[in-house]
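Results of the structural survey
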Protein chains: 2
Amino acid sequence: MVKISDVAREAGVSVATVSRALNNLDTVRPDLAEQVHRAAAQLGYRPNTLARNLRKQSTLVWALIISDIENPFFTAVARGVEDTAQQNGYSVMLCNSDEEPEKESRYLSVAGQDRVAGVILSPHSASTNVSALGRIPLVVIDRTLNAPFDVVLVRSRLGAQQATKHLLDEGWQRPACITGPRDAETATERSAGYLQALEGTGIEPQVQYQRFRSAEGAQATAELLDGENPPDSFFIGNASLALGVLAELAKRGLRPGVDVGLISFDDAPWAPFINPPISVVAQPAYDIGVQAAQLLVQRIAHSGPQAPREVNLATTLVVRESSQRNSH
Amino acid sequence: MVKISDVAREAGVSVATVSRALNNLDTVRPDLAEQVHRAAAQLGYRPNTLARNLRKQSTLVWALIISDIENPFFTAVARGVEDTAQQNGYSVMLCNSDEEPEKESRYLSVAGQDRVAGVILSPHSASTNVSALGRIPLVVIDRTLNAPFDVVLVRSRLGAQQATKHLLDEGWQRPACITGPRDAETATERSAGYLQALEGTGIEPQVQYQRFRSAEGAQATAELLDGENPPDSFFIGNASLALGVLAELAKRGLRPGVDVGLISFDDAPWAPFINPPISVVAQPAYDIGVQAAQLLVQRIAHSGPQAPREVNLATTLVVRESSQRNSH
DNA sequence: TTGTAAGCGTTATCAT
DNA sequence: ATGATAACGCTTACAA
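Residues numbered from 1 in each chain as written. Chains lettered and ligands numbered in written order. Predicted model: local features only at pLDDT ≥ 70, side-chain atom pairs only at ≥ 80, totals over all residues. Heavy atoms only, no water.

Chain A goes by LacI family transcriptional regulator in an unreviewed UniProt entry, where it is assigned to Psychromicrobium lacuslunae.

A separate point is the overall build of chain A. Regarding its fold elements, chain A presents 11 helices and 12 strands. Whereas a compact globule of 328 residues would reach a radius of gyration of roughly 20 Å, chain A reaches 26 Å, over 25% beyond that. Projected onto its principal axes, the C-alpha coordinates of chain A cover approximately 85 × 40 × 30 Å. Sorting the 328 residues of chain A into buried and exposed places 53% on the buried side. The long-range fraction of contacts in chain A, counting pairs at least 24 apart against all pairs at least 6 apart in sequence, stands at 67%. Between the averaged position of the 30 positive side-chain charges in chain A and that of its 36 negative side-chain charges there is a distance of 9 Å. (Helix = DSSP H or I, 4+ residues; strand = E, 2+ residues; numbered from the N terminus. Rg over C-alpha atoms; globule rule 2.2 N^0.38 Å. Buried < 20%, exposed > 50% of the residue type's maximum accessible area, 1.4 Å probe, protein only. Contact = heavy atoms within 4.5 Å. Lys, Arg positive; Asp, Glu negative; His and termini not counted. Charge placed at Lys NZ, Arg CZ, Asp CG, Glu CD.)

With that out of the way, let us pick up the packing of helix α2 (residues 15-22) of chain A against helix α3 (residues 30-43) of chain A. Residue and element names in this part refer to chain A. Two numbers describe how α2 lies on α3: the axes approach to 9 Å, and their chain directions differ by 90 degrees. In this view, α2 runs roughly perpendicular relative to α3, as classed from their interaxial angle. Across the interface between the two elements, Thr 17, Val 18, Ala 21 and Leu 22 of α2 pack against Leu 32, Ala 33, Val 36, His 37 and Ala 40 of α3. A breakdown of the residues in the contact of α2 with α3 according to their chemical character gives seven nonpolar, two polar and no charged. (Axes fitted to C-alpha atoms, helices over the stretch in contact; angles between N-to-C directions. Parallel < 35°, antiparallel > 145°, perpendicular 65-115°, else oblique. Nonpolar A, V, L, I, M, F, W, Y, C, P; charged D, E, K, R; others polar.)

This part takes up the relation of the copies chain B and chain A. With an axial shift of 0.0 Å and an RMSD of 0.1 Å, the rotation relating chain B to chain A amounts to 180 degrees. The superposition of one copy onto the other is thereby described by a two-fold rotation axis. By C-alpha distance to the rotation axis, the residue of chain B lying nearest is Met 93 of chain B, at 2.1 Å. (Least-squares fit on C-alpha atoms with pLDDT ≥ 70 in both.)

Interfaces are often described in size by the accessible area the parts lose on coming together. Across the contact, 48 residues belong to chain B and 48 residues belong to chain A. Between chain B and chain A the total buried area reaches about 4100 Å² when both faces are included, carbon and sulfur atoms providing 56% of it. Its largest share of buried area at the contact with chain A, chain B owes to Leu 50, Gln 113 and Phe 273 of chain B, together 16% of the area lost on that side. On inspection of chain B and its partner chain A, the count reaches 23 residue pairs in polar contact (both at pLDDT 80 or more). In terms of residue count, the dominant contributor to the side of chain B that touches chain A is helix α5 (residues 72-87) of chain B (seven residues). (Buried area = accessible area lost by both parts, 1.4 Å probe. Polar contact = N/O pair within 3.5 Å; in protein donor to acceptor, adjacent residues only side chain to side chain.)

Take the packing of aromatic side chains next. In this structure the tally under the stated criterion is six aromatic pairs over all chains. Ring plane angle 65 degrees and centroid distance 5.0 Å describe the contact between Phe 73 of chain A and Phe 74 of chain A, whose orientation is recorded as edge-to-face. Both residues of the pair, Phe 73 of chain A and Phe 74 of chain A, belong to the buried class. Seen in terms of ring centroids, Phe 235 of chain B and Phe 265 of chain B are 6.3 Å apart; in terms of plane orientation they differ by 70 degrees. Their pairing is edge-to-face. In this pair, Phe 235 of chain B sits in strand β8 (residues 233-236) while Phe 265 of chain B sits in strand β9 (residues 261-265), placing the two residues 30 residues apart along the sequence. Exposure remark for Phe 235 of chain B: the relative accessible area of 0% places this residue in the buried category. Here the basic side chain of Arg 325 of chain A rests over the ring of Trp 172 of chain A, its NZ or CZ set 4.5 Å away from the ring centre. (Phe/Tyr/Trp six-rings, centres within 6.5 Å; stacked < 30°, edge-to-face > 60°. Lys NZ or Arg CZ within 6 Å of the ring centre and 35° of its normal.)

Glancing now at unusual backbone geometry. Residues and elements named next belong to chain A. The omega angle of the peptide bond from Asn 275 to Pro 276 is -5 degrees, so this bond is cis rather than trans. By the element assignment, Pro 276 lies in the loop between β9 (261-265) and β10 (279-282). At Glu 99, a position not held by glycine, the phi torsion is positive, near 65 degrees. With relative accessibility at 32%, the residue Glu 99 sits in the partly exposed group.

The subject of this paragraph is the side chain of Asp 266 of chain B. All names here are of chain B. Position of Asp 266 relative to the elements: it lies in the loop between β9 and β10 (279-282). This buried residue, Asp 266, is left without a salt bridge; Arg 190 holds the nearest opposite charge, at 4.7 Å. Looking at Asp 266, its side chain comes within polar contact range of the side chain of Gln 283, at 2.7 Å. Residues contacting Asp 266, with those up to four places away along its chain left out, are Phe 73, Asn 238, Ala 239, Val 280, Val 281 and Gln 283. (Salt bridge = Lys/Arg side-chain N within 4 Å of Asp/Glu carboxyl O.)

This brings us to the pairing of strand β1 (residues 61-66) of chain A. Residues and elements named next belong to chain A. Where burial is concerned, most of β1 is hidden: six out of the six residues are buried. Residues Val 61, Ala 63 and Ile 65 point to one face of β1 and Trp 62, Leu 64 and Ile 66 to the other, with burial holding for every one of them. As paired elements, β1 and strand β2 (residues 91-96) share six bridges and run parallel to each other. In the sheet register, Ile 65 faces β2, and the bridge partner there is Cys 95. Crossover β1 to β2 through helix α5 (residues 72-87) is right-handed. (Pairing = 2+ DSSP bridges. Right-handed = clockwise from strand over helix to strand, strands pointing away.)

Pairing is possible between side chains that carry opposite charge, provided their charged atoms lie close to one another. This structure, assessed with the given rule, holds 34 salt bridges over all chains. Notably, a salt bridge pairs Glu 70 of chain A with Arg 79 of chain B, separated by 3.4 Å at the nearest N-O pair. Here the residue Glu 70 of chain A occupies a position in the loop between β1 and α5, and Arg 79 of chain B occupies one in helix α5, the pair thus bridging two chains. Residues Glu 189 of chain A and Arg 157 of chain A are paired through a salt bridge, measuring 3.0 Å at the closest nitrogen-oxygen approach. Of this pair, Glu 189 of chain A sits in helix α8 (residues 185-198) while Arg 157 of chain A is found in helix α7 (residues 156-169), placing the two residues 32 residues apart along the sequence. One salt-bridge network, in which partners are shared between bridges, spans Glu 70, Asp 98 and Lys 103 of chain A together with Arg 79 and Asp 83 of chain B.

The next subject is the protein's contact with DNA strand D. Neighbouring residues of DNA strand D: 26 residues in total, closest Ile 4, Tyr 45 and Arg 55 of chain A together with Thr 17 and Arg 29 of chain B. The sugar-phosphate portion of DNA strand D accounts for 63% of its atoms within 4 Å of the protein, the bases making up the rest. Between DNA strand D and Lys 3 of chain A, the relevant distance is 3.1 Å, taken from a phosphate oxygen to a side-chain nitrogen or oxygen of the residue. In the environment of DNA strand D, a phosphate oxygen lies 2.9 Å from a nitrogen or oxygen atom belonging to the side chain of Ser 19 of chain A. Elements with a contribution of two residues or more to the surface near DNA strand D: α2 and α4 (49-56) of chain A together with α2 (15-22) and α4 (49-56) of chain B. Its residues placed into classes, the surface near DNA strand D shows 11 nonpolar, seven polar and eight charged. (Near = heavy atom within 4 Å.)

So, about the protein's contact with DNA strand C. The full set close to DNA strand C counts 27 residues, and Thr 17, Arg 29 and Leu 32 of chain A together with Tyr 45 and Arg 55 of chain B are the nearest of them. Counting only the atoms of DNA strand C within 4 Å of the protein, the fraction contributed by sugar and phosphate is 63%. In the model, a base nitrogen of DNA strand C is placed 2.7 Å from a nitrogen or oxygen of the Arg 20 of chain A side chain. A distance of 2.7 Å is found between a phosphate oxygen of DNA strand C and a side-chain nitrogen or oxygen belonging to Ser 19 of chain B. Counting only elements with at least two residues in the surface near DNA strand C, the list comes to α2 and α4 of chain A together with α2 and α4 of chain B. Split by residue class, the surface near DNA strand C holds 11 nonpolar, seven polar and nine charged.

This part covers the domain arrangement of chain A. Under the domain assignment used here, chain A contains domain 1 (4-47), domain 2 (57-154 + 285-314) and domain 3 (156-283 + 317-323). Between domain 1 of chain A and domain 2 of chain A, the C-alpha centre-to-centre distance is 35 Å. (Domains from an automatic or database assignment.)

Dropping the structure here:
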């Protein structure tokens, strides 16, 4: 393996000059720099990242710790992070905490140990302990933390309110809300928006808090429909829940967009293609990733203490057929 | 930051002994080892991964380079790889090549540069150049490479044949095949299985080669249905295509499982939940990840030249409603 | 502007 | 079984 001293010999300069030239430090004479670059190219020199890391006590790698890699929302976020990282010379190590606190803390610990340059985290809970990171810059996404860090959020509540209002505007009379567990901020923000939309309408709110999974969506739907005051439409807190709702409705022969109204959070890949196409509240997932990455780049650059920043992004109401009346 | 020499002083031994004790090399007296561990714990010693990497010229990180992070198949693979890596003390850096050769080669280059301990790759094409990896162990998945490496594959052709035969057994008369582009091995293997199933039946095969995307699935369906010999059923090469097919069928008022038969490769999360539930050829995606990871662990352990191994996994036919006649 | 040399914190070799 | 000590390949004071 050709190293820096080989390049130095070939170029007839010292290793320090080679290092400076290769890192484009403008304290080196242009012609010498040129000479060094030629020598490096000729010998096929590849800097040894490992040595560089040890010397600088840091790497050019980010850790992106997300809570569910099988959720299309997070994969879109990941693409945003990755593209932006790339542009800034970083690689990203994608870690899937699978909503398990132990996995999450192990990844946090590995990130600290490996001296990654920065971390982007969608925390399992607001009380997630990030002390293992030491002074490594951190950006939080999707949910807030009980500590002052840069964070990128979406206005979930507003999106939920708009979706529910849309249901009402379409003429549905009794919308219900099926969302995630009470201890998930994303879940409660969405039900809060739903409740806001119902304020002053005289409609009695019905909210089901379940885990963000298909089976639970089906079960919640069944309970609501079998209840005293069966809803005629649904605002659903995420795409997995929506699948379960759809299955239960199909089982009962209830057609979305005709017999029942339906709108869901998150624009899953399947939403536009199934029958009928599903109306959704789309989150700017890719952009969340980009914004978080940009905050991280800045945080790394100005490593001094700096007030935490918060970025809030808007959702988009995408009206397809499932939320309309008599669309068939 | 407390380092190995601090532990050495605290324990009253040399740094060499500390290193040996901490790495559980049984060449150290038990009581001394005990003493070292206590000292390390007391001081809160955390080994510096960066120094270790430089010294060993390798890391405890794998690169997993997949071609599409938004494809549920690959995310399931990723989970299998990650869990197994974890168990063996490795972290995994997930890289999304997005089917772009340039991204793929950049990741290959970063992996080589960063001296990762091993790489698992779903190559964009059979001629992907992996020379940037040097002697870093490599395991290939999903598609083969024009070079002798360990590989984990699925018996796609057999799965496709079974699916098509199932369509025939259900009484469908003219199944068509919609699959990926001709230069994708996974695509052609699936059409090959379809063709095999039709051999000797007197049925005229109809195959559409398209990109693995929803829009193309819709278009192919339209072309087939508007053709001279419209099919009465479809064997579809992957889940994205299937979404497009479903959309086109809905547009024409054709109901899967009643007016038309339908079975698709890949058990997407939405497949069981939509109306009607979709029959599929399920790939053992998680297990592919596990197997690939295990091959990699072994390859790393026995770094000497060793004959490449090939693991072939079977698909599972999952019959739901879309492939049946008169299921309603 | 350039060169010399001192680390960065381990692991591994070689004596003892 | 243990201890000194030389790498690993780079970056960066400090000196010139």
